2 protein chains.
Amino acid sequence: MSLLFEPLTLRATTLPNRLVLPAMVTRLSGEDGHVNDDIRERYVRFARGGVGLAVVEAMAVHGSKSGPLLRISSDELKPGLTDLAARMHDAGPGKVAPQIIHFLKISRSGWRQTIDMLSLDEIDAIVEAYGAAARRARECGFDAVELHMAHAYTLSSFLSRMNARKDDYGGSLENRLRLPIRVLHRVRAEVGADFTVGVRFVGDECIRNGYTTVDAGPIAVRLAQEGADWISLSAGGKFEDARRIEGEPLYPYTGYSGDRCMPSHAYPDGANLYIPEAVRAALRARGLSTPVVAAGKLGTVELAERVLERGQGDLVGMARALLADPDLPRKWREGREDRVVRCVYGNVCKALDENFKRVDCTLWPKKLGQAPMSDDVIAPAWPDGGAGLSADVRRGNVLLRWAAATDNEAVYGYQVFRAEEPPAGGAPLLTHHASVRGVSTRYEDTRVMGGATYRYAVRPYDLAGNRGPMSEPVTASVPSAS
Amino acid sequence: MSLLFEPLTLRATTLPNRLVLPAMVTRLSGEDGHVNDDIRERYVRFARGGVGLAVVEAMAVHGSKSGPLLRISSDELKPGLTDLAARMHDAGPGKVAPQIIHFLKISRSGWRQTIDMLSLDEIDAIVEAYGAAARRARECGFDAVELHMAHAYTLSSFLSRMNARKDDYGGSLENRLRLPIRVLHRVRAEVGADFTVGVRFVGDECIRNGYTTVDAGPIAVRLAQEGADWISLSAGGKFEDARRIEGEPLYPYTGYSGDRCMPSHAYPDGANLYIPEAVRAALRARGLSTPVVAAGKLGTVELAERVLERGQGDLVGMARALLADPDLPRKWREGREDRVVRCVYGNVCKALDENFKRVDCTLWPKKLGQAPMSDDVIAPAWPDGGAGLSADVRRGNVLLRWAAATDNEAVYGYQVFRAEEPPAGGAPLLTHHASVRGVSTRYEDTRVMGGATYRYAVRPYDLAGNRGPMSEPVTASVPSAS
């Protein structure tokens, strides 16, 4: 049995496996901050798939207006959250934690409030709000709470190397930690010793003059010493390098640090693993066993297992891979990775978020608004004439085209397989290279080298993940520029 | 004998060791592009220290004006370069290669020429200019030539994922490689098969929508297949994220990608090693044995050896560490790392460059304009009352102060040693933590954690690197924020 499916106890709660859904913006909630049908559907779907810990998207600890965003800032919001926790518990074996957030004001003029503008009273109010929100989380029946100390938000801005405060809340690492530690203590006082409290922060700010793993190690050590029950690590997502768009508020995932937060297909798999690896080593060197959540383009079972084997993390976080296929945990556990609908890291979800639109996965069948559910066992098939796959070289890239497959329910998508010939360092096996939605019957491969020959095949899959037959292979030789 | 001091043959030249001085801006040359006294002194000093391959700072293949910059764009520049090569050969056992560069126009208004503005004739002229420059490099007696395909310059902009050309020079990886490959071929045709030609490019652009090691692997493979004799890897240094300063031309090392190009003390040692590691693996997987130069905060012999042992590179590049102490190769070879004046990665050199000032090392004795040379064997001493070291906590940082040491020649600087108590993962040994210039007798340690106790000692060193006695240790306990 894979280590991925061994339970792990985090203080007062035991996760059934090592897979974590990190908090992810959905833009499904209303302006009022209450749980609604769309939110319920989305998260029950995740719970049903069997993820060990589902972190429900960031909800505000304060009343500030900020478009569609969940809130946990007053008791009137508790019934909806209580119902959400109960439904998620009913749907699967995993544990559920809300991520709780405080953020500062921002305007369409380009102005934004920064932490050096906060009075000591305002800082005290943030501590209060976090404490009350965590208490509500426990009262609503959640198994734990995650304190958002990452990206462009208030607590992260205190931890930042860009923290410009001149008082006890800035000027040194420990001063930058002062508010996060106060929050952690107040939360503990409110929820008691028998409730689990995790934190998420960025291990590398990925901005000019930002901090790196050099500071992230000590930050994690201090947070663990002060009572954090897990340390979840992200990267980037800062205001400092966000793109300015006239008339729009700055959005912290639009710059380079945003790229680094959600590494696309242009990044290697596990691009951010150096972060949990360094942070975990810093914790262990000081005798702290606090579990670490690794994240960032970790979409295959081989990679996830390697994370645990190599000590790059104790838990494997996947946001986009679980959005593409919430049933991934169940399929992995059953040894059916071949049925997983794999995220292609095209970051359409990221672009939807940046444009303030509802965040769906582009691989889902159009208009479904949800990952499909089906118990169908009949695989899709090629038409009588076969797949008719062709490969043409256009301006140094390879364009693949094929015929539409058919299915008793619906063709969900196509997987594209590729091999390089002659093989680089091994047998010329066709390996999964990309996926496209069912409505498309073409793919342009931009990751080819001049002078090389590639072999391709495609394979359809249906709503249940059943794979149809592999097409006949075709080859394409890319001309060298020399 | 360390692998670091084994020779390595690059086509037609054999390096005596694996240490490389990468090209580094000095701002020592005049506007006329000729070699002058300052340039000669600087590079002869490097050669004297024993580095295996010294790459002389980028010199323009074309006549374009651009402030103080060496040129290799016409035959009248050859006598100065010939003399430089000869003097460097006389001074040490290492080999010498000029880095040759083409760059586009830029103005103080903020406007800059980009590669999509180049006509096909202008592209042909770039190929011509590189070929002629490489021929001159050989005629001047250099051992090799390095083609600059890195950072914000012309060939790098073609390789970039931001390349916006609509013709055969953009739109696919092979098209982006077309000009670099043409240059490589023309250079080879001009210098012949028995001359060594290396390339330097960035393995990670470190900008939004830039390329990463995913593209760097194939780029290196193609350049090696087309005849590059070494692949030297850098990171970042792009125009896209450079800071805009009114009335100044954009400078490509002023943004985040500039931080990544020359990682400061805020970055972990060997911060960019993931790049040569990935690129070398891509080369080896295709049966290419082209040597790879790793670089980026590689200042200790342990780290340099680990690079070779782990296959993260075949050659170890160090710019700032060799600027701080050009005799580092000789001292390492003689097992006298304890006499190396270690770079502190404070990036004063980087700031001088960004401000268009002469690039010296801040650790050098003021006004010397050069790393000191001395055969003195008398170590510095503390005054009669001792070092008088004190440690005070101020706003969460530790401020150290001590008495000035004395020396028969001059005190060059002080090394600061630190241990954490209780020790994290081992014995509480004092290890080198920082260095300060001889004119200073204070150091502020900003890398401390609240709740921890630190032990410090300081040690003076003189112009020859002789170490004086360690001071009595002092301790400081940093208050916790909780």
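Residues numbered from 1 in each chain as written. Chains lettered and ligands numbered in written order. Predicted model: local features only at pLDDT ≥ 70, side-chain atom pairs only at ≥ 80, totals over all residues. Heavy atoms only, no water.

1. Observations concerning the interface of chain A and chain B
For an interface, size is often stated in terms of accessible area lost upon the parts coming together.
Now for step 1: Taken residue by residue, the interface counts 52 residues in chain A and 52 residues in chain B.
Now for step 2: At the boundary of chain A with chain B, total buried surface from both sides reaches about 4000 Å², with 52% on carbon and sulfur atoms.
Now for step 3: Scanning the region where chain A abuts chain B turns up two salt bridges.
Now for step 4: On the surface where chain A and chain B come into contact, there are 29 residue pairs in polar contact (both at pLDDT 80 or more).
Now for step 5: When residues of the side of chain A that touches chain B are traced back to their parent elements, those giving at least two are α5 (173-191), α6 (213-225) and α7 (256-261) of chain A. (Contact = heavy atoms within 4.5 Å. Buried area = accessible area lost by both parts, 1.4 Å probe. Salt bridge = Lys/Arg side-chain N within 4 Å of Asp/Glu carboxyl O. Polar contact = N/O pair within 3.5 Å; in protein donor to acceptor, adjacent residues only side chain to side chain. Helix = DSSP H or I, 4+ residues; strand = E, 2+ residues; numbered from the N terminus.)

2. Comments concerning the packing of helix α6 (residues 213-225) of chain B against helix α8 (residues 274-285) of chain B
All names here are of chain B.
Now for step 1: It is the contact of α6 with α8, at a shortest axis distance of 8 Å, that shows an interaxial angle of 50°. The orientation of α6 relative to α8 falls into the category oblique. With respect to the hand of their crossing, α6 and α8 are arranged in right-handed fashion. In this structure, α6 uses T213, A216, G217, A220, V221 and A224 to contact α8, whose residues at the interface are Y274, I275, A278, V279, A282 and L283. (Axes fitted to C-alpha atoms, helices over the stretch in contact; angles between N-to-C directions. Parallel < 35°, antiparallel > 145°, perpendicular 65-115°, else oblique. Left-handed = near helix turned anticlockwise from the far one by under 90°.)

3. A few points about the side chain of A:N272
Now for step 1: Turning to its location among the elements, A:N272 is positioned in the loop between α7 and α8 (274-285).
Now for step 2: Residues contacting A:N272, with those up to four places away along its chain left out, are A:A235, A:R260, A:P263 and A:A295.

4. Comments concerning the environment of B:M470
Residues and elements named next belong to chain B.
Now for step 1: One can find M470 in the loop between β17 (453-462) and β18 (474-477).
Now for step 2: Look at M470 and you get partly exposed, because its relative accessible area is 36%.
Now for step 3: Taking the C-alpha atoms as reference points, M470 and R459, separated by eleven residues in sequence, lie 4.7 Å from one another.
Now for step 4: Those residues in contact with M470, other than ones at most four positions away along the chain, are W382, F417, A457, V458 and R459. (Buried < 20%, exposed > 50% of the residue type's maximum accessible area, 1.4 Å probe, protein only.)

5. As for the sheet that holds strand β16 (residues 442-445) of chain A
All names here are of chain A.
Now for step 1: Ordered by their spatial adjacency, three strands build an open sheet running β12-β13-β16, and the pairing between neighbours is antiparallel. Edge positions in the open sheet fall to β12 (390-394) and β16, since each of these has one partner strand only. In this sheet, neighbouring strand axes are inclined to one another by 20° on average, regardless of whether the strands run parallel or antiparallel.
Now for step 2: Relative to β16, strand β13 (residues 397-401) runs antiparallel, the two being bridged by four bridges. In the sheet register, R401 faces β16, and the bridge partner there is R442. (Pairing = 2+ DSSP bridges.)

6. So, the sheet that holds strand β12 (residues 390-394) of chain B
Residue and element names in this part refer to chain B.
Now for step 1: Strand order in the open sheet made by the three strands is β12-β13-β16, with antiparallel pairing throughout. With partners counted over all chains shown, the strands left at the sheet margins are β12 and β16 (442-445), one partner each. On average, adjacent strands in this sheet sit at an angle of 20° to one another, irrespective of strand direction.
Now for step 2: Where β12 meets strand β13 (residues 397-401), five bridges bridge the pair, whose relative direction is antiparallel. The partner of D392 across the bridge, within β13, is L399.

7. Considering the packing of aromatic side chains
Each aromatic ring pair is characterised by the separation of its centres together with the angle its planes make.
Now for step 1: Overall, the coordinates contain 17 aromatic pairs over all chains when judged by the stated rule.
Now for step 2: Plain terms: the ring middles of B:F158 and B:Y169 are 6.1 Å apart, the flat faces sit at 80° to each other, and that makes the pair edge-to-face. One end of the pair, B:F158, is in helix α4 (residues 154-159); the other, B:Y169, is in the loop between α4 and α5 (173-191), with eleven residues separating them in the sequence.
Now for step 3: The class for B:Y169 is buried, based on a relative accessible area of 8%.
Now for step 4: Between the aromatic rings of B:Y412 and B:Y461, the centroid separation amounts to 5.5 Å while the plane-to-plane angle is 65°, which identifies the pairing as edge-to-face. Of this pair, B:Y412 sits in strand β14 (residues 411-421) while B:Y461 sits in strand β17, and the two are 49 residues apart along the sequence. Take B:Y412 and B:Y461: they sit in the same class, and that class is buried.
Now for step 5: One aromatic cluster is present, formed by A:Y251, A:Y253 and A:F356 through successive ring pairs.
Now for step 6: The residue whose ring lies beneath A:R467 is A:Y461, and the NZ or CZ to ring-centre distance is 5.1 Å. (Phe/Tyr/Trp six-rings, centres within 6.5 Å; stacked < 30°, edge-to-face > 60°. Lys NZ or Arg CZ within 6 Å of the ring centre and 35° of its normal.)

8. Topic: unusual backbone geometry
Now for step 1: A positive phi angle is found at A:R11, which is not glycine, with a value near 50°.
Now for step 2: Considering the arrangement of structural elements, one finds A:R11 in the loop between β1 (8-10) and β2 (13-15).

9. A word on the domain arrangement of chain A
All names here are of chain A.
Now for step 1: According to the domain assignment, chain A consists of domain 1 (3-373) and domain 2 (390-477).
Now for step 2: The distance between the C-alpha centroids of domain 1 and domain 2 comes to 34 Å.
Now for step 3: Carbon and sulfur atoms make up 50% of the surface buried where domain 1 meets domain 2, a total of about 1200 Å² over both sides.
Now for step 4: There are zero salt bridges connecting domain 1 and domain 2.
Now for step 5: For the pair domain 1 and domain 2, the number of links is six residue pairs in polar contact (both at pLDDT 80 or more).
Now for step 6: Partitioning the side of domain 1 that touches domain 2 into residue classes produces eight nonpolar, two polar and five charged. (Domains from an automatic or database assignment. Nonpolar A, V, L, I, M, F, W, Y, C, P; charged D, E, K, R; others polar.)

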